[in-house]
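Spelled out from the first residue to the last, the chains are:
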Protein chains: 2
Amino acid sequence: MTPTITAFERSPDRGKGQARDMRVRWALEEVRQPYDVRLLSFRQMKEPAHLALQPFGQIPTYEEDDLVLFETGAIVLHIAERHPGLLPQDINARARAISWMFCAVNTIEAPILELQVAKFAEANESRAAQRMPLVKDRIRDRLGPLSTRLGDAEWLDGGFSAGDVMMVTVLRRLNVSGLLEEYPNLAAYVARGEARPAFKRAYEAQFAVFKATEDE
Amino acid sequence: MTPTITAFERSPDRGKGQARDMRVRWALEEVRQPYDVRLLSFRQMKEPAHLALQPFGQIPTYEEDDLVLFETGAIVLHIAERHPGLLPQDINARARAISWMFCAVNTIEAPILELQVAKFAEANESRAAQRMPLVKDRIRDRLGPLSTRLGDAEWLDGGFSAGDVMMVTVLRRLNVSGLLEEYPNLAAYVARGEARPAFKRAYEAQFAVFKATEDE
């Protein structure tokens, strides 16, 4: 059965592909798996029907027959386990690719989420501006070692994997902060991800949703 | 070969079992897998030998023959895939257990890390105290839905799984904040985890390290 994912009816990023459905769309495109999308308003995301699928009222979810999943890491891993192309055959390399998936959503994404909180949720507080240098330094504490580890490699560990899907999309959340540009090899890494045909198809699909709702 | 993990030589939590090696110790105890521990000083954690294993200079790592892993989620998943007892047989239930692993380290742990940052890294700043209510509310935004989803169930999804190993240990990081106690079913859930014989063995093992270094 064709899986169904959920996504924002009106994404707060105005079609920049920074919402988390992008990770799942990209993974599905890499393995050439068609999928359906159910768009949700902010109101619908907090209603019981969606909370039954996603306890925290977020997107995306993934439904396939009687399986319901949330958490993009788990969804991308599920896709990668069932279709060739996103995890290495070698058992150790496979475990390392999964390490990078967890690294993306925990070690790297946690301080990036804090930046977004500082910018938006606490934006009215003058102290948010004072904190910003501290918040940015904590992101640099992560990007520096990541940049060192990547070096001049194309992907995080050998060939392109689900670990790169997660890491590239997490790093893209830095957006216009200027932080990514301080690490040219990380910026080039993200650009390599964005240049993949599967990424482009996923990006276009989510952008089409933004365009359709913008015109309403 | 017996796997080797790394842990703090002197854990900042003074033996409360809140350092991340606890997750790996507990998982190994659940599947009755013996392991060796290499203790690291804070200086050693930032030296090239350890950075080659863990790019961010953290603990724990996991070494087994020529496999090196970091990120507790990935290590616990690796253990759970190779030994029975931490993942359901049913393929859909297995995917859902992995969802809870990612949920623990991303959705739940991210705001908890922010609380620790607000308490320690920014503790000299008077504005940290002003921010605290906002930081705590973001944790409540996660604990509330988690409490609702758990309801009066014993574990997150059917039988005890690697998802519970991760969630219980992440929730334990709330420690003396008082936040966990606002959700009695979550506090009882953590207590059930702590009552498992495997948890107790893991706890005693890390506590023995603390006692040994405390007496020096």
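Criteria and cut-off values
Residues numbered from 1 in each chain as written. Chains lettered and ligands numbered in written order. Predicted model: local features only at pLDDT ≥ 70, side-chain atom pairs only at ≥ 80, totals over all residues. Pairing = 2+ DSSP bridges. Helix = DSSP H or I, 4+ residues; strand = E, 2+ residues; numbered from the N terminus. Axes fitted to C-alpha atoms, helices over the stretch in contact; angles between N-to-C directions. Least-squares fit on C-alpha atoms with pLDDT ≥ 70 in both. Contact = placed C-beta atoms within 7 Å. Nonpolar A, V, L, I, M, F, W, Y, C, P; charged D, E, K, R; others polar. Buried ≥ 20, exposed ≤ 12 C-beta atoms within 10 Å, placed from the backbone. Right-handed = clockwise from strand over helix to strand, strands pointing away. Expected span 1.5 Å × (residues − 1). Core = buried A, V, L, I, M, F, W, Y, C linked by C-beta atoms within 7 Å. Parallel < 35°, antiparallel > 145°, perpendicular 65-115°, else oblique. Left-handed = near helix turned anticlockwise from the far one by under 90°. pLDDT = per-residue confidence, 0-100.

Trainee: What am I meant to see in the sheet that holds strand β3 (residues 61-64) of chain A here?
Mentor: Strand pairs in the sheet, formed through backbone hydrogen bonds, run parallel or antiparallel to each other. Residue and element names in this part refer to chain A. On the basis of which strands lie adjacent, the open sheet formed by four strands has the order β2-β1-β3-β4 and mixed pairing. Unpaired on one side and paired on the other, β2 (36-40) and β4 (67-70) mark the two borders of the sheet. On average, adjacent strands in this sheet sit at an angle of 25° to one another, irrespective of strand direction. As judged from the two bridges shared by strand β1 (residues 4-8) and β3, these two strands associate in the antiparallel manner. When the bridges of β3 are listed, Thr-4 appears paired with Glu-63.

Trainee: Would you explain the pairing of β2(A) in this entry?
Mentor: In summary, the side chains of a regular strand alternate between the two faces of the sheet. Both β1(A) and β2(A) contribute to a ladder of five bridges, which runs parallel. Bridge pairing in β2(A) links A:Thr4 to A:Asp36.

Trainee: Just to check I follow, could you spell out the relation of the copies chain A and chain B for this structure?
Mentor: Least-squares fitting of chain A to chain B yields an RMSD of 0.0 Å, with the transformation described by 0.0 Å of translation along the axis and a rotation of 180°. In symmetry terms, the pair is related by a two-fold rotation axis. A share of 100% of interface residues in chain A that are also interface residues in chain B marks the association as one of identical surfaces.

Trainee: Would you mind going over the interface of chain A and chain B with me for this structure?
Mentor: Reports of interface size often rely on the accessible area that becomes lost once the parts have come together. Each partner contributes to the interface: chain A provides 35 residues, whereas chain B provides 35 residues. Those elements giving two or more residues to the side of chain A that touches chain B turn out to be β4, α4 (72-82), α5 (91-121) and α6 (126-150) of chain A. The biggest single contributor to the side of chain A that touches chain B is α5(A), with 14 residues. Residue classes in the side of chain A that touches chain B are distributed as 17 nonpolar, eight polar and ten charged.

Trainee: Sorry if this is basic, but what is going on with the pairing of strand β1 (residues 4-8) of chain B here?
Mentor: Counting buried positions over the five residues of β1(B) gives four, a clear majority of the element. Read as a crossover between parallel neighbours, the route from β1(B) over helix α1 (residues 21-30) of chain B to strand β2 (residues 36-40) of chain B is right-handed.

Trainee: Quick question: what am I supposed to make of helix α9 (residues 197-214) of chain A here?
Mentor: Note on helix geometry: an α-helix contains 3.6 residues per turn, so any two residues three or four positions apart are oriented the same way. For α9(A), which comprises 18 residues, the first-to-last C-alpha distance of 25 Å matches the rise-based estimate of 26 Å (1.5 Å per residue) to within 8%. Contact partners of the buried residues in α9(A): β1, α1 (21-30) and α8 (184-194) of chain A.

Trainee: Could you clarify how one ought to interpret the environment of B:Pro12 in this entry?
Mentor: Note that B:Pro12 resides in the loop between β1 and α1. With 198 residues separating them along the chain, B:Pro12 and B:Phe210 place their C-alpha atoms 9.5 Å apart.

Trainee: Just to check I follow, could you spell out the sheet that holds β1(B) for this structure?
Mentor: All names here are of chain B. One open sheet holds the four strands; their spatial order is β2-β1-β3-β4, and the pairing between them is mixed. Two strands bound the open sheet, and with one partner strand each, they are β2 and β4 (67-70). Averaged over all adjacent pairs, the angle separating strand axes in this sheet is 25°, with direction ignored.

Trainee: Just to check I follow, could you spell out the nonpolar core for this structure?
Mentor: Side chains that are nonpolar tend, in soluble globular proteins, to be buried together. Core analysis: the biggest nonpolar cluster contains 107 residues, and A:Val76, A:Met101, A:Ala162, B:Val76, B:Met101 and B:Ala162 have the highest contact counts within it. In contact with B:Val76, other than residues within four places in its own chain, are B:Arg23, B:Val24, B:Ala27, B:Met101, B:Ala162, B:Val165 and B:Met166.

Trainee: Sorry if this is basic, but what is going on with the packing of α1(B) against helix α9 (residues 197-214) of chain B here?
Mentor: A packed helix pair is summarised by two numbers, namely the angle formed by the two axes and the spacing between the axes. Residues and elements named next belong to chain B. Between α1 and α9, the shortest axis-to-axis distance is 8 Å and the interhelical angle comes to 135°. In terms of orientation, α1 lies oblique with respect to α9. Handedness of the crossing formed by α1 with α9: right-handed. Contact with α1, carried on its side by Asp-21, Met-22, Arg-25, Trp-26, Glu-29 and Glu-30, involves Ala-198, Phe-199, Arg-201, Ala-202, Ala-205 and Gln-206 of α9 and no other residues of that element. Class assignment for the residues of the contact of α1 with α9 results in six nonpolar, one polar and five charged.

Trainee: Please clarify how the confidence of the model for chain A should be interpreted in this entry.
Mentor: Regions with low pLDDT carry predicted coordinates that are not meant to be interpreted in detail. For chain A, the mean per-residue pLDDT works out to 94, and 95% of the residues sit at or above 70. In the predicted complex, the global pTM is 0.96; the interface-specific ipTM is 0.96.

Trainee: Explain the environment of B:Thr61 to me, please; I cannot follow it from the model alone.
Mentor: Residue and element names in this part refer to chain B. In this structure, Thr-61 sits in strand β3 (residues 61-64). Of the residues examined, Thr-61 has 22 C-beta atoms within 10 Å and is grouped as buried. Counting along the chain gives 72 residues from Thr-61 to Pro-133, while the straight-line C-alpha distance between them is 34 Å. With sequence-adjacent residues up to four places away left out, Thr-61 is seen in contact with Ile-5, Thr-6, Leu-53, Gln-54, Val-68, Leu-69 and Phe-70.

Trainee: Even after reading the chapter, I still don't get the environment of B:Ile139, so can you show me in this structure?
Mentor: Residue and element names in this part refer to chain B. Its place among the elements puts Ile-139 in helix α6 (residues 126-150). For Ile-139, a count of 20 C-beta atoms within 10 Å translates into the label buried. Those residues in contact with Ile-139 that lie beyond four places of it in its chain are Pro-111, Ile-112, Leu-115 and Leu-179.

Trainee: Help me understand helix α7 (residues 162-172) of chain A, please; the structure alone is not making it clear to me.
Mentor: Counting buried residues along α7(A), eleven of its eleven residues qualify, which places the element largely inside the surrounding structure. By the burial criterion, the buried members of α7(A) are A:Ala162, A:Gly163, A:Asp164, A:Val165, A:Met166, A:Met167, A:Val168, A:Thr169, A:Val170, A:Leu171 and A:Arg172.

Trainee: Would you explain the packing of α1(A) against α4(A) in this entry?
Mentor: Residue and element names in this part refer to chain A. Two elements in contact, α1 and α4, have axes whose closest approach is 9 Å; the angle formed by their N-to-C orientations is 5°. With respect to α4, the axis of α1 lies roughly parallel. Facing Arg-23, Val-24, Ala-27 and Leu-28 of α1, the residues of α4 in contact are Thr-72, Ile-75, Val-76, Ile-79 and Ala-80.

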